[in-house]
Amino acid sequence: MTLSSTDMKILEILQDDARVTNQVLAEKINISASPCWRKVRKLEEDKVIQGYRAVLDRKKIGLGVMVFIRVVIDSHSEAEARKFEEEVTALEDVVACYSIGGDADFLLQVVASDLDSYADFAMSVVRRLPGIKEMQSMFVLKEIKPLVSYPIKKSPE
C-alpha cells in the first residue's frame, strides 16, 4: 500500500491529537473538509488507522511497576506457540507481547501496582503458562521514551 503525502500528514496530525475535528484537520493539510473526511475513512477501512485511544499515565491509575519478561518456551511447534499466544493475549496485566528472534521466543510487557503484585502475577500466572522453559524479568527503572506514536516517513511522490 502506498500512502500519499496528504495521507502521511493526516496520520502525523491524528497521532498527535486524535480528537482534532475534521474541519481543523482539513485546514492543517490545506484541503477541504469532504475530501479530508474521505481520506480518513479510507485510512480506517484499510486498517492503517486501527482505532483511537486515550493515552493514560499508568502511575496515576495505580500501575507503578512496569516489567519486560523474556520468555523461552520448551517446544517450537506451531501449536505450542499458538497456545502460548492465546493464553498471553487473555492476560490483562500483559499490555504487549512480541514474538522475537535471538535467545528468547517472546517478550512480554507487564504492568502491576507494586512489586508484590508483580511477584504474585509472575509466579502464579506467567510461570504457569503452557510450555514455559525459562523466564527473565527486566524491571523498568525509568521510562525515558515511551511509545506514543510511530515515525511517519515521507515517501517520494
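Residues numbered from 1 in each chain as written. Predicted model: local features only at pLDDT ≥ 70, side-chain atom pairs only at ≥ 80, totals over all residues. Heavy atoms only, no water.

1. A word on the packing of helix α1 (residues 5-16) against helix α3 (residues 33-45)
Short version of the rule: Helix axes are fitted to C-alpha atoms over the stretch in contact, other axes to C-alpha atoms as well, and angles between N-to-C directions run from 0 to 180 degrees. Secondary structure counts use DSSP, requiring at least four H or I residues in a row for a helix and at least two E residues in a row for a strand, with both numbered from the N terminus. The scheme is simple: roughly parallel for angles under 35 degrees, roughly antiparallel for over 145, roughly perpendicular for 65 to 115, oblique for anything else. In what follows, a contact means two residues having at least one pair of non-hydrogen atoms within 4.5 Å. Note on residue classes: Ala, Val, Leu, Ile, Met, Phe, Trp, Tyr, Cys and Pro are nonpolar, Asp, Glu, Lys and Arg are charged, and everything else, Gly too, is polar.
The contact between α1 and α3 brings their axes to 11 Å, and the two run at 80°. Relative to α3, the element α1 lies roughly perpendicular. Contacts between α1 and α3 pair T6, D7, I10, L11 and L14 from the former with K39, V40 and L43 from the latter. Along the lines of polarity and charge, the residues of the contact of α1 with α3 split into 5 nonpolar, 1 polar and 2 charged.

2. Section: the side chain of Q109
Mapped onto the elements, Q109 comes out in strand β3 (residues 106-112). If near-sequence neighbours (up to four positions away) are discounted, Q109 is found in contact with M66, V67, F68, D93, V94, V95 and A96.

3. Describing the pattern of salt bridges
Short version of the rule: By convention in these notes, a salt bridge is any Lys or Arg side-chain nitrogen within 4 Å of a carboxyl oxygen on Asp or Glu. For every residue, the accessible area (1.4 Å probe, protein chains only) is compared with the maximum for its type, and the residue is labelled buried under 20%, exposed over 50%, or partly exposed between those bounds.
Throughout the structure, instances matching the rule amount to 8 salt bridges. Here K39 ties to D7 by a salt bridge, and the two come within 3.8 Å at their closest N and O atoms. On the criterion of sequence distance, the pair formed by K39 in helix α3 and D7 in helix α1 is long-range, its members being 32 residues apart. Judged by relative accessible area, which is 28%, K39 ranks as partly exposed. D7 gets classed as buried once you look at its relative accessible area, which sits at 11%. Of the charged contacts, one joins R70 and D103 as a salt bridge, the two residues approaching to 3.6 Å between their closest N and O atoms. With R70 in strand β1 (residues 65-73) and D103 in the loop between β2 (94-99) and β3, this residue pair connects regions lying 33 residues apart in the sequence.

4. Structural notes on the UniProt feature "domain: HTH asnC-type" (unreviewed entry) in the protein
The condition that has to hold: UniProt positions are given in the numbering used here, feature names are shortened, and annotations may be inferred rather than shown by experiment.
Per the UniProt entry, the sites bearing "domain: HTH asnC-type" (unreviewed entry) are residues 3-64 in this numbering. End C-alpha to end C-alpha, residues 3-64 measures 39 Å, and it is 52% helix and 0% strand.

5. What to know about helix α4 (residues 78-89)
Along an α-helix, a turn takes 3.6 residues, which lines up residues three or four apart on a common side. Basically, it comes down to this: What a helix should span is 1.5 Å times the count of its residues minus one. Arc definition: it is the arc formed by the directions from the helix axis to the C-beta atoms.
Under the 1.5 Å per step criterion, the end-to-end length of α4 is 16 Å for 12 residues, consistent within 8% with the ideal 16 Å. Of all the positions in α4, only A81, F84 and V88 are classed as buried. One face of α4 carries all of its buried residues, which in axial projection span an arc of 60°. Pointing more than 90 degrees away from the buried face of α4 are the exposed residues E78, A79 and T89. The inward-facing, buried residues of α4 contact β1, β2, β3 and β4 (132-139).

6. Here we look at the sheet that holds β2
For sheets, the rule is that strands pair by backbone hydrogen bonds, running either parallel or antiparallel. Which entries qualify depends on this criterion: By definition, two strands form a pair when at least two bridges between them are found by DSSP.
The strand order across the open sheet built from 4 strands is β2-β3-β1-β4, with neighbouring strands paired in antiparallel fashion. Each edge of the open sheet is held by one strand with a lone partner, namely β2 and β4. On average, each strand axis in the sheet is tilted by 20° relative to the strand beside it, whichever way the strands run. Bridge analysis of β1 against β3 gives 7 bridges, and the strand direction is antiparallel. Paired with V71 across the strands is F106, a residue of β3. The sheet contacts of α4 involve β1, β2, β3 and β4, and relative to β3 the element is tilted by about 15°. Seen against the sheet, helix α5 (residues 115-124) touches β1, β2, β3 and β4 and runs at an angle of roughly 170° to β4.

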